[in-house]
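Below, each chain spelled out in residue letters.
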Amino acid sequence: MAQSATPSNKIMRIIVPYAPGGPIDVTARLLAERVKDTLGTVIIENRPGAGGNIGVDAIAKAPPDGLTVGIAAVATHAINPWLYSKMPYNAATDFAPITQMVRVPNVLVMNADTARRLNINTLADLIQYAKANPAKLNYASGGNGSAGHLAGEMFKAQAGIFALHIPYNGGNPAQLALLSGQVDFNFDNLATASANIKAGKLKALAVTTAKRSAALPDIPAMAETLKGFEIDTWWGLVAPAATPKDVVARLNQAFVAALNSPEVKTRFAMLMAEPVANMPEQFGAFMKSERAKYEKVVKASGARVD
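Only a predicted model underlies this, so the values are computations on that prediction, with no experimental measurement involved. (Residues numbered from 1 in each chain as written. Predicted model: local features only at pLDDT ≥ 70, side-chain atom pairs only at ≥ 80, totals over all residues. Heavy atoms only, no water.)

Trainee: I'd like a description of the overall build of the protein chain, backed by residues and values.
Mentor: Helix and strand counts for the protein chain stand at 13 helices and ten strands. For 306 residues, the compact-globule estimate of 2.2 N^0.38 gives 19 Å, and the protein chain sits close to it at 20 Å. With the principal axes as the frame, the protein chain shows a C-alpha extent of 65 × 40 × 30 Å. In the protein chain, buried positions account for 53% of the 306 residues. Contacts in the protein chain between residues at least 24 apart in sequence constitute 77% of all its contacts with a sequence separation of at least 6. (Helix = DSSP H or I, 4+ residues; strand = E, 2+ residues; numbered from the N terminus. Rg over C-alpha atoms; globule rule 2.2 N^0.38 Å. Buried < 20%, exposed > 50% of the residue type's maximum accessible area, 1.4 Å probe, protein only. Contact = heavy atoms within 4.5 Å.)

Here's what the structure looks like:
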């Protein structure tokens, strides 16, 4: 049965619910290249739009024959279910998890000049300044309900501070606002922020993963100051819910082998991304816990998309 699911003469596709060229697209293409010996030809189909919902809906409604899989990301499977008033798919029940692929740390960055002027060198300094100067600080994000916005709201709640949120239309305009000093701090993903951190334009105060990142080991984790703080960008592979278990197991085996290959690890490291290869049950349980976490954060933030 499993053999007939993806014979080598049939073309398999990975649906990426975002535009070409971003980190999710790049990592999916890397994996597609690595699994062709075991799974045959794998093509990438980009279906961007509606915060990832259009592409993910196409995965949910594809035939469950193992020939169509796609990307589940923190936005599409943990944030959007609470952010959008109408969802075309059910994130909890419409998918069969295959494996997580990646974890990308987010990083709390300040404009380097602002940090110098305000004498802020650590996360504790930032919290202290915010408490002493209520409502003076602001931060940017790529939009209401974006990962950067929600990380900011979680930070404010846990640190007991206030900072004004300024939503921009996407991550790039938000980063430009920070670089030009229009805003004081951002939560950005490490891949996007690292060049400006290395160039000294941005000051990195903390990474948002539970532990320090191998990419920037000198930068503390937020949890070192705010106990239990953990939020990162992740994505992985899912199939339509009715895909047979033996087919899912075979896909898991092929993609996990690819994720564990030295070549993929090296390429992911260049993107500041850590490969995460796990079993379908583990990825499913992780997505469930992330949905529960973001339900609280999104509702507390008041962000909605109609």
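Trainee: Hey, could you go over the pairing of strand β8 (residues 202-207) for me, with residue numbers and the actual values?
Mentor: Counted residue by residue, β8 has five buried out of six residues, so it is predominantly covered. In terms of strand pairing, strand β4 (residues 95-111) meets β8 through five bridges, oriented antiparallel. Considered in β8, the bridge of Leu108 is made with Ala206. (Pairing = 2+ DSSP bridges.)

Trainee: An account of the pairing of strand β1 (residues 12-16) is requested, with residue identities and associated values reported.
Mentor: Counting buried residues along β1, four of its five residues qualify, which places the element largely inside the surrounding structure. Relative to strand β3 (residues 68-73), β1 runs parallel, the two being bridged by three bridges. Bridge assignment links Ile15 to a residue of β3, and that residue is Gly70.

Trainee: Got a sec to walk through helix α5 (residues 74-83)? Specific residues and values, please.
Mentor: Summarising burial for α5: seven of the ten residues are buried, a large majority. For α5, the secondary structure elements touched by its buried residues are α4 (53-60), β3, β4, α8 (147-159), β9 (232-240) and α13 (280-301).

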